[in-house]
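Residues per chain are reported as follows:
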Amino acid sequence: MLSSSDRTDFGDYLRRRRAAMAPPDPPGSVRVSRRRVPGLRRQELSDIAGISVEYYTRLEQGRAARPSREILHALARAFGLSVAERDHLFRLGGEPPPQIEAPDAVIRPGLLRMLRGLEDTMPVTVHDGRLDLLACNAAAAELIGPLADGAGRYGRNIAYQAFIAPALPDLLGEEGAELFARVAAAELRTALSRYPGDDYLQSLFAELTAVSASFRDHWERCEVGAWRSAVKRMHHPRRGWSRFDIEMLHDAERDHWVMLYTPHDAA
């Protein structure tokens with residue numbers, strides 16, 4: 001239940017958002033009078049949201065009980081909120097923000113420019129919450145080689161590569177490949193818990209379970225992915241064995257993960 005101060009903050013946010021909205025012009029007419037207050041009237045906003053004006057008024061005045069998730073979704077749509085603004089509305093309303101239904105298929109243009117800009121500095125890859133590799137710069141393509149161009153439905157999936165790709169020991173060494181498999185199984189468990197009804201992930205899980213005894217063994221450990229920093233020893237095609245500091249950055253709005261491979265020193 002929301003406290004009185006929480007209800008006040010929530011109502012104040014609603015009032016400010018409503019005041020920032022442009023009032024509609026009547027169809028085929030020219031507005032000749034000026035409103036005494038800016039923005040939409042409560043009746044206009046409640047009509048857009050599909051809720052009663054009496055209930056909306058109580059929400060603004062801090063007199064209503066905790067709003068349901070359906071009401072919060074309706075208000076977010078009525079205000080035309082961005083994802084960040086919608087999440088803020090949910091938190092003010094005493095609810096956790098909605099989870100996205102699937103990772104975004106499109107990488108932000110600025111992120112792609114960053115990948116290209118770092119080609120002479122470090123390898124960079126981007127994968128999504130399903131563990132599919134979405135993009136990599138030229139330095140990363142050179143480092144990970146055929147793993148960047150995997151064929152088939154799961155060929156660019158990190159979890160699939162961890163248990164199927166024959167080149168992993170050449171890239172990571174036997175010990176590194178085993179650790180990568182452990183991490184991949186844990187990250188797949190996290191992905192399945194976040195997107196439990198995702199057909200692609202369910203199919204990937206069934207495929208790995210059917211063809212990989214190693215995957216079945218790692219899955220039985222019930223580990224959950226939480227690795228965000230690491231030092232990896234990797235075999236570079238021109239420099240030989242080298243170490244890289246790995247940092248993972250998360251774009252939560254699109255569920256994209258950026259992996260930065262900072263050259264450490266000679267292995």
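The rules behind the values
- Residues numbered from 1 in each chain as written.
- Predicted model: local features only at pLDDT ≥ 70, side-chain atom pairs only at ≥ 80, totals over all residues.
- Heavy atoms only, no water.
- Helix = DSSP H or I, 4+ residues; strand = E, 2+ residues; numbered from the N terminus.
- Rg over C-alpha atoms; globule rule 2.2 N^0.38 Å.
- Buried < 20%, exposed > 50% of the residue type's maximum accessible area, 1.4 Å probe, protein only.
- Areas by Shrake-Rupley, 256 points an atom, 1.4 Å probe, with all protein chains shown as cover.
- Axes fitted to C-alpha atoms, helices over the stretch in contact; angles between N-to-C directions.
- Left-handed = near helix turned anticlockwise from the far one by under 90°.
- Contact = heavy atoms within 4.5 Å.
- Core = buried A, V, L, I, M, F, W, Y, C linked by side-chain atoms within 4.5 Å.
- Pairing = 2+ DSSP bridges.
- Expected span 1.5 Å × (residues − 1).
- Arc of directions from axis to C-beta.
- Polar contact = N/O pair within 3.5 Å; in protein donor to acceptor, adjacent residues only side chain to side chain.
- Salt bridge = Lys/Arg side-chain N within 4 Å of Asp/Glu carboxyl O.

A. Seen up close, the overall build of the protein. Summing up its helical and strand segments, the protein has eleven helices and five strands in all. Compactness check: the protein gives a C-alpha radius of gyration of 25 Å against a globular reference of 18 Å for 267 residues, more than 25% above the reference. Across the 267 residues of the protein, 43% fall into the buried class. Entry remark: accessible area of the protein is about 14,700 Å², with carbon and sulfur atoms responsible for 53%.

B. Fine view of the packing of helix α4 (residues 69-79) against helix α5 (residues 83-92). Contact geometry of α4 with α5 gives a least axis separation of 10 Å together with a crossing angle of 145°. Where α4 crosses over α5, the two elements pack in a sense that is right-handed. Every residue of α5 that contacts α4 at Arg69, Leu72, His73, Leu75 and Ala76 is listed here: Arg86, Leu89 and Phe90.

C. Main features of the nonpolar core. In terms of nonpolar packing, the biggest core is built from 39 residues, with Ile144, Phe163, Leu188, Leu201, Leu208 and Met234 touching the most fellow members. Broken down by secondary-structure element, the contributors of at least two residues to this core are α7 (138-144), α8 (158-164), α9 (168-194), α10 (199-211), α11 (213-219), β4 (240-251) and β5 (256-266). The greatest single-element share of this core, amounting to eleven residues, is contributed by α9. Contact partners of leucine 188, with chain neighbours within four places excluded, come to Leu131, Ala159, Leu201, Leu204, Leu208, Phe215 and Trp219. In terms of nonpolar packing, the next biggest core, distinct from the first, is built from 22 residues, Phe10, Tyr13, Tyr55 and Phe90 among them.

D. View of the pairing of β4. With eight bridges connecting them, strand β3 (residues 229-236) and β4 associate as antiparallel partners. Bridge pairing in β4 links alanine 230 to isoleucine 246. Hairpin connection of β3 to β4: three residues between the antiparallel strands.

E. Molecular detail of α10. If you check α10, its first and last C-alpha atoms are 18 Å apart, about what 13 residues at 1.5 Å a residue would give, namely 18 Å. Those residues of α10 that fall on the buried side of the exposure criterion are Tyr200, Leu201, Leu204 and Leu208. End-on view of α10: buried residues confined to an arc of 95°, all on one side of the axis. Set apart from the buried face of α10 by more than 90 degrees, the exposed residues are Asp199 and Ala210. In this structure, the buried side of α10 is in contact with α8, α9 and α11. Residue aspartate 198 occupies the N-cap position of α10, its side-chain oxygen lying 3.1 Å from the main-chain nitrogen of tyrosine 200.

F. Summary view of the side chain of asparagine 137. Checked against the element boundaries, asparagine 137 lands in the loop between β2 (133-136) and α7. Separated by 3.0 Å, the side chain of asparagine 137 and the backbone oxygen of methionine 122 make a polar contact. Those residues within four positions of asparagine 137 in sequence are excluded, and the remaining contacts are Leu115, Leu118, Glu119, Met122, Pro123 and Val124.

G. Looking closely at the pattern of salt bridges. Across all of its chains, the model carries 16 salt bridges by this definition. A salt bridge links aspartate 12 to arginine 15, with the shortest nitrogen-to-oxygen separation between them at 3.5 Å. Pair noted here: aspartate 12 and arginine 15 are both in helix α1 (residues 4-19), with a separation of three residues, about one helical turn. Residue classification places aspartate 12 among the partly exposed residues on the basis of a relative accessible area of 27%. Accessibility expressed as a relative area gives 31% for arginine 15, which makes it partly exposed. For the salt bridge of glutamate 178 with arginine 221, the shortest nitrogen-to-oxygen distance reads 4.0 Å. One end of the pair, glutamate 178, is in helix α9; the other, arginine 221, is in the loop between α11 and β3, and 43 residues separate them in sequence. Take glutamate 178: its relative accessible area is 38%, and that puts it in the partly exposed class.

H. Region of interest: the side chain of aspartate 198. Here aspartate 198 lies in the loop between α9 and α10. Given a relative accessible area of 10%, aspartate 198 falls into the buried group.

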